[in-house]
Amino acid sequence: MVLVVIPTYNEKDNLPDLVRAVLAHDGTRVMVVDDQSPDGTGQIADALAVEFPGRVDVMHRTGPRGLGRSYVDGLRRALEGDAALICQMDGDWSHDPKYLPAMIAACGTSDVVIGSRYLNGVSVVNWPLQRIILSAFANRYIRAVTGLRTMDCTSGYRCWRREALAKLPLDKVVSDGYAFLVEMLFEAHRRGAQIGEVPIIFVERRQGVSKLSGGVLLESCLTPWRLRLRSLRRSPS
Ligand SMILES: Nc1nc2c(ncn2[C@@H]2O[C@H](COP(=O)(O)OP(=O)(O)OP(=O)(O)O)[C@@H](O)[C@H]2O)c(=O)[nH]1
Ligand SMILES: [Mg+2]
């Protein structure tokens, strides 16, 4: 059984079709991790759970919201169940469920499989040029600093063998957002996990409003270099 964990915050227009598209693949289940979305996504998820008994589970988080936190809670709950494979997927259609079969198949030879935007050049639709450059740069930077060889370290579309996921110190992961994804991958790599990648075409969200800014990424990736540059410029002349 494959469990697909989908964190949501204000995805009411995306969730019903997305869940149906996931469940169209045999042997899949969905866990929605909602952070009390003001738009009522949580109730829509509950209705889907009624519509698909035993195949949709909903976690209503309370307390501080956050994507990283939601993943930690959702993946922990997922590990309590009996899924052999546990996937992570955004709820805004950027991660098309049509790639699930290829990712699931690749788990035959990898401990974790990334739905990768950067295997054949750049496969991103609807991103402004500066965001593509930023993301590509960030990935090179991450590879150089961490020793990871993965082409797309910041993709949130992933499929884990449960044993590989269970080895991660999920409760110790501190970062949120993209850094959370990199940290998870790095911890898996350190534990000897075989990391695979399957090409996907990433399409920027169809509906709704983005909640994560590229600024977060920009900041965490550029700051060390900016400081270095500044200290060079300010060296005594
Ligand atoms: N549970 C939960 N989910 C969140 C939160 N913030 C974002 N999400 C969900 O996480 C997924 C990714 O969020 P996005 O806002 O699309 O972030 P992104 O894809 O990095 O940014 P864009 O490219 O601008 O869409 C979506 O399914 C969101 O609904 C949060 O605080 N809590
Ligand atoms: Mg998105």
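Quick note: structure is the one above.
Residues numbered from 1 in each chain as written. Chains lettered and ligands numbered in written order. Predicted model: local features only at pLDDT ≥ 70, side-chain atom pairs only at ≥ 80, totals over all residues. Heavy atoms only, no water.

Trainee: How would you sum up the overall build of the protein chain? Please name residues and give values.
Mentor: The number of helices and strands found in the protein chain is eight helices and nine strands. When each of the 237 residues of the protein chain is scored for burial, the buried share is 48%. The long-range fraction of contacts in the protein chain, counting pairs at least 24 apart against all pairs at least 6 apart in sequence, stands at 79%. Element-wise, carbon and sulfur atoms account for 55% of the exposed surface of the protein chain, whose accessible area totals about 11500 Å². (Helix = DSSP H or I, 4+ residues; strand = E, 2+ residues; numbered from the N terminus. Buried < 20%, exposed > 50% of the residue type's maximum accessible area, 1.4 Å probe, protein only. Contact = heavy atoms within 4.5 Å. Areas by Shrake-Rupley, 256 points an atom, 1.4 Å probe, with all protein chains shown as cover.)

Trainee: Outline the packing of aromatic side chains, listing residues and values.
Mentor: Taken as a whole, this structure holds three aromatic pairs when the rule is applied. The ring centre of Tyr9 lies 3.7 Å from the NZ or CZ of Arg65, which sits over that ring. Between Arg117 and the ring centre of Phe202, over which it is positioned, the NZ or CZ distance is 5.3 Å. (Phe/Tyr/Trp six-rings, centres within 6.5 Å; stacked < 30°, edge-to-face > 60°. Lys NZ or Arg CZ within 6 Å of the ring centre and 35° of its normal.)

Trainee: A description of the sheet that holds strand S7 (residues 158-161) should follow, citing residues and the corresponding values.
Mentor: Strand pairing in a sheet relies on backbone hydrogen bonds, with the paired strands running either antiparallel or parallel. The strand order S3-S2-S1-S4-S7-S5-S8 describes an open sheet built from seven strands, whose pairing is mixed. The sheet terminates laterally at strand S3 (56-60) and strand S8 (195-199), the two strands that pair on one side only. Each adjacent strand pair in this sheet contributes to an overall mean axis angle of 20 degrees, direction not counted. Of the strand pairs in this sheet, strand S1 (residues 2-8) and strand S4 (residues 85-88) are connected by four bridges, and their pairing is parallel. For Val4, the partnering residue across the bridge sits in S4 and is Cys87. On the sheet, helix H1 (residues 15-23) packs against S1, strand S2 (28-34) and S3 and is oriented at approximately 155 degrees with respect to S2. (Pairing = 2+ DSSP bridges. Axes fitted to C-alpha atoms, helices over the stretch in contact; angles between N-to-C directions.)

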